[in-house]
Amino acid sequence: LGRLHDPEDGLADLREGELRVMHERSFVDDPTRLLRAARYAARLDFALELETERLALAAVEDDALLTVTGPRVRQELLLALGESEPGKVVERLAALGVPRALHPELDPDAELVAGAELGALETDAERVLAGFAALISADPLSLGTWLERLQLPAPERDRIARAAGAAPRVVDALRLRDERPPSQLARLLAGEPPETLALALAMGAP
């Protein structure tokens, strides 16, 4: 079968379930590797090797992510939310301090992100857009400018922002649905993207 050439001793890291950067400036040279590290760690259920974790935390602390353009951040976030278990990716990102480094008000709930993407399966919503709405739902007003910086296509950006802002009202309305005429609920939901209902389900709508 030939000989295995492993100059970086990667096989040992695979056996240990660890992710390791190639050199100490890896996260500085390309800060999007911080998001990829979290994504791969969640997907493979690996840990960051101790020195790699130290370098990642240092890069976040030194504001390395502020040098990354909005579209590049957008692409990495879309890939993260497209993973089979996006909530785990969000947990890994939060452990490194990545969300707050991207925006001071970005404090996502990993369970809510996972729940919104599950809710998308029941509502015909776009799974990744529902997850994105959950990502910013803690403070959609403050995060609106940041969302624009990511340069998402306008229709997708509007659906995300609308869902993040409207979902709590939908939750309240559905909890009181026995006290309201169906026509009132119909008016409330009219014009809402399916991502609104997906996020509302994740927030506990009955």
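Cut-offs used in this document
Numbers given for residues are sequential positions, taken from 1 along each chain in its written order. Reporting in this predicted model follows two pLDDT cut-offs: at least 70 for local features of residues, and 80 or more for side-chain atom pairs to be given and counted; totals over whole chains, interfaces and linings ignore these cut-offs and use all residues. Side-chain numbers here rest on the full set of heavy atoms in the structure, without hydrogens or water. Numbered from the N terminus, helices here are DSSP runs of H or I no shorter than four residues, and strands are runs of E no shorter than two. Any residue under 20% of the maximum accessible area for its type is buried, any over 50% is exposed, and the rest in between are partly exposed; the area is computed with a 1.4 Å probe on protein chains only. Should any heavy atoms of two residues lie within 4.5 Å, those residues are counted as being in contact. Computed with a 1.4 Å probe, the accessible areas rest on the Shrake-Rupley method; for each residue, only the protein chains presented here act as cover. In this charge count, Lys and Arg are treated as positive and Asp and Glu as negative; neither His nor the chain ends contribute. Lys charges are placed at NZ, Arg charges at CZ, Asp charges at CG and Glu charges at CD. Only the stretch in contact is used when a helix axis is fitted, and all axes are lines through C-alpha atoms; the angle between N-to-C directions ranges over 0 to 180 degrees. Note on angle classes: values under 35 degrees are labelled roughly parallel, values over 145 roughly antiparallel, values of 65 to 115 roughly perpendicular, and the remainder oblique. All amino acids are sorted into three groups, where Ala, Val, Leu, Ile, Met, Phe, Trp, Tyr, Cys and Pro are nonpolar, Asp, Glu, Lys and Arg are charged, and the leftover types, Gly among them, are polar. In these notes, a set of buried Ala, Val, Leu, Ile, Met, Phe, Trp, Tyr and Cys residues joined through side-chain atoms within 4.5 Å is what counts as a nonpolar core. Handedness of a helix crossing follows the sense of rotation of the near helix relative to the far helix, less than a right angle counterclockwise being left-handed and clockwise being right-handed. The length a helix should cover is 1.5 Å for every residue beyond the first. Directions are taken from the helix axis to each C-beta atom, and the arc is the one they span. Two N or O atoms form a polar contact when they lie within 3.5 Å of each other; inside protein one atom must be a possible hydrogen donor and the other a possible acceptor, and for residues adjacent in sequence the pair counts only when both atoms belong to side chains. When a carboxyl oxygen of Asp or Glu is within 4 Å of a side-chain nitrogen of Lys or Arg, the pair counts as a salt bridge.

Here the focus is the overall build of the protein. Of regular secondary structure, the protein possesses 13 helices and two strands. The principal-axis extents of the C-alpha atoms in the protein amount to approximately 70 × 40 × 25 Å. Residues classed as buried in the protein amount to 44% of the 206 residues present. Within the protein, counting contacts between residues at least 6 apart in sequence, those at least 24 apart form 76% of the total. Summed over its atoms, the accessible surface of the protein is roughly 11,300 Å², and 51% of this surface lies on carbon and sulfur atoms. Placing the 24 positive and 37 negative side-chain charges of the protein at their respective mean positions leaves the two points 4 Å apart.

Another point: the packing of helix H5 (residues 70–81) against helix H9 (residues 127–136). Describing two packed helices takes the angle between their axes plus the distance from one axis to the other. It is the contact of H5 with H9, at a shortest axis distance of 9 Å, that shows an interaxial angle of 110°. The angle between H5 and H9 falls in the class roughly perpendicular. Contacts between H5 and H9 pair Leu77, Leu78 and Leu81 from the former with Arg127, Val128, Gly131, Phe132 and Leu135 from the latter. The class makeup of the residues in the contact of H5 with H9 is six nonpolar, one polar and one charged.

Right, let's talk about the environment of Asp63 for a bit. With respect to the element layout, Asp63 can be found in the loop between helix H4 (50–61) and H5. Given the relative accessible area of 42%, Asp63 is considered partly exposed. With 65 residues separating them along the chain, Asp63 and Val128 place their C-alpha atoms 27 Å apart.

Turning our eyes to something else, we now look at the nonpolar core. In terms of nonpolar packing, the biggest core is built from 59 residues, with Val98, Phe132, Ile136 and Trp146 touching the most fellow members. Beyond its immediate sequence surroundings of up to four residues, Phe132 is in contact with Leu77, Leu78, Leu81, Trp146, Leu147, Leu150, Leu152 and Ile160.

Time to look at unusual backbone geometry. Even without glycine at this site, Asp63 takes up a positive phi of about 65°. We note that Asp124 has phi near 65°; this positive angle belongs to a residue other than glycine. Within the secondary structure, Asp124 is located in the loop between helix H8 (110–123) and H9.

Before going further, it helps to spend a moment on the packing of H9 against helix H11 (residues 154–175). Look at H9 against H11: their axes get within 8 Å of each other, and the N-to-C directions meet at 50°. Judged by the inter-axis angle, H9 sits oblique to H11. Remark: the crossing between H9 and H11 carries right-handed chirality. Each of Leu129, Phe132, Ala133 and Ile136 in H9 lies in contact with H11, whose residues at this interface are Glu156, Arg159, Ile160, Ala163 and Ala164.

Okay, H4 next. What sets the pattern is the α-helix's 3.6 residues per turn: residues three or four places apart point alike. Relative to the 16 Å expected for 12 residues at 1.5 Å per residue, H4 spans 17 Å between its end C-alpha atoms, a close match to the ideal helical length. Buried within H4 we find Thr52, Leu55, Ala56, Ala59 and Val60. Around the axis of H4, the buried residues are gathered within 135° of arc, so they sit on the same side. For H4, the exposed residues lying more than 90 degrees away from the buried face are Leu50 and Glu61. Of the surrounding elements, those touching the buried residues of H4 are strand E1 (18–19), helix H2 (26–29), helix H3 (32–44), strand E2 (47–48), helix H6 (86–96) and helix H7 (98–102). A side-chain oxygen of the first residue of H4 lies 3.1 Å from the backbone nitrogen of Glu51; this N-cap is Glu49.

A word on the pattern of salt bridges. With the rule as written, the count across this model stands at 17 salt bridges. Between Glu83 and Arg43 there is a salt bridge, with the nearest N and O atoms lying 2.7 Å from each other. In this pair, Glu83 is assigned in the loop between H5 and H6 and Arg43 in helix H3, connecting sequence segments 40 residues apart. It is possible to trace a salt-bridge network through shared partners that takes in Asp30, Arg36, Arg39, Arg43, Arg72, Glu76 and Glu83.

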